[in-house]
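Spelled out from the first residue to the last, the chains are:
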Amino acid sequence: MGYGCVMKHFWEEKALSEMSADEWDRLCDGCARCCVLKEQDEDTGEVTYTNIACRYLELKSCCCTCYESRNKLVPECINLSPEETKHFAWLPSTCAYRLLHEGQSLPEWHPLISGSKNSTRDAGMSIRNRVISETDAFGT
Ligand code: SF4
Ligand code: SF4
C-alpha cells in the first residue's frame, strides 16, 4: 500500500500576495455583488447592499462594460489588490478574495472548485435577475 499524494490548489498553498495576475483574476467568481451600490450606517459602520447595480454593469452577463476605464468613469470603483486589504471589508462575505484573506476556504459552488463557469449563477450567488440598473433607478 502506498501513500497518497494530495495536490494542493494554488489558492490553498499561496498567499494572495504570492499569486500571479492570472491566478488573482481566476479567483473572481463573477457574482458581481461588488458592483451593487452600498450604504454605510454613519454610526455603526454597518454596510448594507442595495438592489441597485452600477450603471456600467451589464445585468445579464454580470460583466463590466467599461472595465479598462472604470476608475475614470466610476471613481468609487475599487481596484482589488493584495496590498489594499482594507477594502476587503466592503466585499460580500462570499467573495473569494475576502474568504481567503480571512483564512477561509472557497465554497463548493466556486467555479475553480465546481469546474463550471455557471456554478456561481446556478448556486444563486450571482446578482443576475436580482437587481436593477442605477440608470433605471435614478433615470440618469
Ligand atoms: S464580489 Fe468578489 S468574487 Fe464577486 S465579482 Fe466582486 S470581486 Fe469577484
Ligand atoms: S465600473 Fe464596472 S467594475 Fe466598477 S462597479 Fe461599475 S460595473 Fe462594477
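Before going into details, it helps to say that this report is about the structure given with it.

How each quantity is defined
Residues numbered from 1 in each chain as written. Chains lettered and ligands numbered in written order. Predicted model: local features only at pLDDT ≥ 70, side-chain atom pairs only at ≥ 80, totals over all residues. Helix = DSSP H or I, 4+ residues; strand = E, 2+ residues; numbered from the N terminus. Buried ≥ 20, exposed ≤ 12 C-beta atoms within 10 Å, placed from the backbone. Pairing = 2+ DSSP bridges. Near = placed C-beta within 6 Å. Nonpolar A, V, L, I, M, F, W, Y, C, P; charged D, E, K, R; others polar. Core = buried A, V, L, I, M, F, W, Y, C linked by C-beta atoms within 7 Å. Contact = placed C-beta atoms within 7 Å.

## Focus: the environment of Gly139
Working step 1: Looking at the element boundaries, Gly139 is found in the segment after α7 (134–138).
Working step 2: For Gly139, a count of 6 C-beta atoms within 10 Å translates into the label exposed.
Working step 3: The sequence separation of Gly139 and Tyr56 amounts to 83 residues, and the corresponding C-alpha distance is 14 Å.

## Description of the sheet that holds strand β1 (residues 36–40)
Working step 1: Strand order in the open sheet formed by 3 strands is β1-β2-β5, and the pairing between neighbours is mixed. Both outer strands of the open sheet, β1 and β5 (132–133), are each paired with one neighbouring strand and no more.
Working step 2: Pairing of β1 with strand β2 (residues 47–53), which is carried by 4 bridges, proceeds in the antiparallel orientation. Bridge assignment links Gln40 to a residue of β2, and that residue is Val47.

## Describing the site of ligand 1
Working step 1: The local shell around ligand 1 holds 13 residues, among which Cys28, Asp29, Cys31, Cys34 and Cys95 are the closest.
Working step 2: When its residues are assigned to classes, the shell around ligand 1 shows 10 nonpolar, 1 polar and 2 charged.

## Regarding the site of ligand 2
Working step 1: Ligand 2 sits among Cys35, Cys54, Tyr56, Leu57, Cys64, Cys66, Arg70, Val74 and Cys77.
Working step 2: Its residues placed into classes, the shell around ligand 2 shows 8 nonpolar, no polar and 1 charged.

## Here we look at the pairing of β2
Working step 1: Between β1 and β2, which pair antiparallel one after the other, the connecting turn spans 6 residues, and Gly45 there sits at a positive phi close to 80°.
Working step 2: One ladder, built from 2 bridges, connects β2 with β5; its direction is parallel. The residue bridging Ile52 from the neighbouring strand is Ile132, located in β5.

## Description of the nonpolar core
Working step 1: Ala32, Cys35, Ala53 and Ala96 are the most contacted members of the largest nonpolar core, which totals 17 residues.
Working step 2: Residues in contact with Ala53, not counting those within four places in the same chain, are Cys35, Val36, Leu59, Ile127, Val131, Ser133 and Glu134.

## Let's talk about unusual backbone geometry
Working step 1: For Ala32, which is not glycine, the phi dihedral falls at a positive 65°.
Working step 2: Along the chain, the position of Ala32 falls in the loop between α2 (21–26) and β1.

From the geometry alone we can't say anything about function, so treat these as descriptive.
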